[in-house]
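What follows is the residue order along each chain.
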Amino acid sequence: MKQTLIAVLLGASLAMPATAAEAAATVPTIDLSVESARAAANDLQRAVVFIEASDANLNTLTRKVNQAINQGLSVAKGAADVKVRSGNSSTWPNYTRNSQKIDGWRMRSELILESRDSAALSGLLGKLQGELALGQISFSPSPETRRKAEDEAIVDAIAAFKARAELASTALGRKYRIRNFAINTNQNFRPPMPMARAATMSMASEAAPPPSLETGETQISVTVTGTIELQ
């Protein structure tokens, strides 16, 4: 009798996990996904200015390029509300048409300008014309502006997720609880705006006016995904 009782208890304990797993698997669930977006002002402008030149003598070319970059740095550091830093710099050989013989060198060096004041940046670009050419301008929200818009979009998305879960569960005549939940952010930044070659080279002319900057907005989107269990 004692051995029979032990066997019955052992069989029951082994069956319980399987029964619990089967019960959990039969709990109805619904996967939900909602998205929210907030507009963030592109209050940070970034411009790349550069000099690109050729010369048969590498030392002469290097001095010429460095002189223009140093002069540009001096002018930019004197501008209020504009940050300046060195960008990429590269040198490559020029070859003759009919052979692989090097007949000169070409060098390009850049400065990167950043500002939240579009008028200040535009004015600085005007002062740099003649020595440096404009490569591209890009616009994006500053970290503080992006974070504020992202936080607001998260609150909106969570509220929308809760409303969608309530709608679905009420339609089925059930209550719900959240099984899992995830928040994903997506920053749809406007890509850099490369200037046409004619416009770029026009900065070398003293008569060329500084460019007018239209910054616009960036949509900061948030996606909330999750699974609810119906009770």
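Residues numbered from 1 in each chain as written. Predicted model: local features only at pLDDT ≥ 70, side-chain atom pairs only at ≥ 80, totals over all residues. Heavy atoms only, no water.

## Focus: the overall build of the protein chain
Turning to step 1, where the next piece is worked out: Of regular secondary structure, the protein chain possesses five helices and eight strands.
Turning to step 2, where the next piece is worked out: If you list the helices and strands of the protein chain from N to C, you get α-β-β-α-β-β-α-β-α-β-β-α-β.
Turning to step 3, where the next piece is worked out: Within the span of the protein chain, comprising 231 residues, buried residues form 31% of the whole.
Turning to step 4, where the next piece is worked out: Relative to all contacts within the protein chain whose residues are 6 or more apart in sequence, the contacts with residues 24 or more apart total 85%.
Turning to step 5, where the next piece is worked out: Accessible surface for the protein chain amounts to roughly 14,100 Å². Of this, 54% is attributable to carbon and sulfur atoms. (Helix = DSSP H or I, 4+ residues; strand = E, 2+ residues; numbered from the N terminus. Buried < 20%, exposed > 50% of the residue type's maximum accessible area, 1.4 Å probe, protein only. Contact = heavy atoms within 4.5 Å. Areas by Shrake-Rupley, 256 points an atom, 1.4 Å probe, with all protein chains shown as cover.)

## As for the nonpolar core
Turning to step 1, where the next piece is worked out: Ranked by internal contacts, the top residues of the largest apolar core, which has 24 residues, are V49, I69, V82, L113, L124, L125 and L132.
Turning to step 2, where the next piece is worked out: Of all the elements in the fold, those that place two or more residues in this core are β2 (44–55), α2 (58–77), β4 (102–115), α3 (118–128) and β5 (133–140).
Turning to step 3, where the next piece is worked out: At six residues, α2 tops the list of elements feeding residues into this core.
Turning to step 4, where the next piece is worked out: Other than its neighbours up to four places away in sequence, L124 contacts V75, A76, A79, V82 and L113.
Turning to step 5, where the next piece is worked out: By size, the runner-up hydrophobic cluster in this structure holds 11 residues, among which are L32, V222, I228 and L230. (Core = buried A, V, L, I, M, F, W, Y, C linked by side-chain atoms within 4.5 Å.)

## Focus: the pattern of salt bridges
Turning to step 1, where the next piece is worked out: Scanning the model with the defined rule gives 10 salt bridges in all.
Turning to step 2, where the next piece is worked out: Of the charged contacts, one joins D156 and R38 as a salt bridge, the two residues approaching to 2.8 Å between their closest N and O atoms. Of this pair, D156 sits in helix α4 (residues 143–171) while R38 sits in strand β1 (residues 29–41), and the two are 118 residues apart along the sequence.
Turning to step 3, where the next piece is worked out: For D156, a relative accessible area of 27% corresponds to the partly exposed category.
Turning to step 4, where the next piece is worked out: With a relative accessible area of 30%, R38 lands in the partly exposed category. (Salt bridge = Lys/Arg side-chain N within 4 Å of Asp/Glu carboxyl O.)

## Some remarks on α2
Turning to step 1, where the next piece is worked out: In this model, α2 (20 residues) spans 28 Å end to end at C-alpha, consistent with the 28 Å of a helix rising 1.5 Å per residue.
Turning to step 2, where the next piece is worked out: Among all positions of α2, only L61, V65, A68, I69, G72, L73 and A76 are buried. Axial view of α2: buried residues confined to an arc of 140°, hence all on one face. Away from its buried face by more than 90 degrees, α2 exposes N59, R63, Q67, S74 and K77.
Turning to step 3, where the next piece is worked out: Tucked inside the fold, the buried residues of α2 contact β2, β3 (83–95), β4 and α3.
Turning to step 4, where the next piece is worked out: Capping of α2 at its N-terminal end is provided by N57; its side-chain oxygen lies 2.9 Å from the backbone amide nitrogen of N59. (Expected span 1.5 Å × (residues − 1). Arc of directions from axis to C-beta. Polar contact = N/O pair within 3.5 Å; in protein donor to acceptor, adjacent residues only side chain to side chain.)

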